[in-house]
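Chain and residue survey
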Amino acid sequence: MKLIYQKSLSKSKYITGLQCLKLLWESANDSVNMPEVSPATQHTFDQGHQVGELAKLLYPEGISLQTENFSQNLKDTREALLVRLPLFEAGFLTNRLYSRVDILNPAGADEWDIIEVKSTTEVKEEHFYDIAFQRLCCQLSGLKVRDCYLMHLNKDYIKSGEIDSAGLFVTENLTDKLAEYTCDLEANISAMLDTMDSETCPEATIGKHCDSPYPCPLKDDCWLDLPEHNIFTLYYGNKICPELQQMGILEISQIPAGIKLNAKQQIQKDCVTSATPYVKSAEITSFLNKLEYPLHYLDFETFATAVPIYDGTRPYQNIPFQFSLHIQDSIDSGVKHYSYLAEDKGDPRPGFLAELKKDIGLKGSILVYYESFEKTRLKELSVAFPEYSEWINSILERIKDLIVPFKDFSYYHPKQKGSTSLKYVMPALAQISYDNLEIAEGQTASLKFMESVFGNLTREEIQKIRIDLEVYCGQDTGGMVEIVKKLREFLS
């Protein structure tokens, strides 16, 4: 591989370098071998582009500069600055530092305001670093910068008819808060340029930064040689992991007795060491005794978009489009399965509610996994469709949370690897795996559903997605049936 020297450091690469210098080097020098962008990441990019286009509507006199040709963008920016109108995607390159500004707005006689547009509903720490870098690029290019703003989505905006860009966005002035993010700016830039120019890739230092502020595409490679029960799977172990790393300890079973673990972490360590599960029969018995038959095992699937699609909804509001429901009349009876899956791009909530009300019984516990999710969705539906509110309130009173015996560590299996999520508990306890499913987790389910109703797919492709969605959601509730069965077997 031949390195190309004197590469520019863009604002996106600057944020990458703050997260991991290895990732920066790979993206600058070996980009062709970088993993492909995941569907989830691509969806985030697409959402950001849509939000950016809506933000431009707030500046009707603005000039859009083409971005396809790097050199042309720089030339067009120099010419457009003379016009003193809002500029979209103005580019600046000085001293190997490059940045494009989402919105550059004229201020006063000869100054400019930087307006960064984000598809989030709040200001995040990485946004300060982003804007601080942009401001430096502009200033080094001779631009007089007055204020720096972040324009983000208004979490309280409710769609009614056409999208109202003025109501959709909130703009916050971050100028006075940038000082602490600029004190190390030049030192960071120097280190990153040296890294990009180096002939060798720096060694990776693994840790929680591998997922913050963004999931690293190199994580699987960097974490490949870790032991199965490594310290990063320790239950809520973020605080203790750096200390263990410094001691050279990567395996949970090797954590010295002198290291203070909380009660749940100690259970996890003991289970890893003994290779056996931990069971507190009394607590499991107490939980199971609170369940009333007929049992209803219920799971929702939802999708969310940055810009709301349906009237009465907010940015990133979860829209239920599918449910799976297994009903068991008695402890010894079989189960009946009911399901709903929306078919088109129309609002799926009315059909979802009508079908759920028809299928769910009037008595018996409703068992979900992580109740706050389903309860929150039901409460949102109650507000949006008040004709269902009385029935929904009766449903809420019957909900029981299957996560309780696992979150309390009344049951823990070493195969859970520190997680109490259904995707780890089900394989560990009920030996039901998601590995061979076409859709194996909720985010993929959401993206596939949106692709099937909003994309340009063939009838066969749509039907394939619908089958995969039914299998996935059905396994969640069917697996919950098996989990309860297994818990009862432990007690007997």
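Basis of the calculations
- Residues numbered from 1 in each chain as written.
- Predicted model: local features only at pLDDT ≥ 70, side-chain atom pairs only at ≥ 80, totals over all residues.
- Heavy atoms only, no water.
- Phe/Tyr/Trp six-rings, centres within 6.5 Å; stacked < 30°, edge-to-face > 60°.
- Buried < 20%, exposed > 50% of the residue type's maximum accessible area, 1.4 Å probe, protein only.
- Lys NZ or Arg CZ within 6 Å of the ring centre and 35° of its normal.
- Salt bridge = Lys/Arg side-chain N within 4 Å of Asp/Glu carboxyl O.
- Helix = DSSP H or I, 4+ residues; strand = E, 2+ residues; numbered from the N terminus.

Re the packing of aromatic side chains
Applying the stated rule across the entire model yields 22 aromatic pairs. On the numbers, 4.8 Å between centres and 50 degrees between planes, the contact of Trp 223 with Phe 232 is tilted. Take Trp 223 and Phe 232: they sit in the same class, and that class is buried. The structure contains a cluster of three or more aromatic residues connected by ring pairs, namely Phe 303, Tyr 310, Phe 321, Phe 449 and Phe 454. Across the ring face of Trp 112, the terminal group of Arg 84 is positioned such that the distance to the ring centre comes to 4.6 Å. Sitting over the face of the ring of Phe 373, Arg 377 holds its NZ or CZ atom 4.8 Å from the ring centroid.

Focus: the pattern of salt bridges
For the structure on display, the rule yields 26 salt bridges. Arg 314 is paired through a salt bridge with Glu 380; the nearest N and O atoms lie 3.6 Å apart. In this pair, Arg 314 sits in the loop between β9 (295-303) and β10 (319-328) while Glu 380 sits in helix α13 (residues 371-384), placing the two residues 66 residues apart along the sequence. Among the salt bridges present, the one from Glu 355 reaches Lys 358, with a minimum N-O distance of 3.1 Å. Of this pair, Glu 355 and Lys 358 are both found in helix α12 (residues 349-359), three residues apart, which corresponds to roughly one turn of the helix. A relative accessible area of 58% means that Lys 358 is categorised as exposed.

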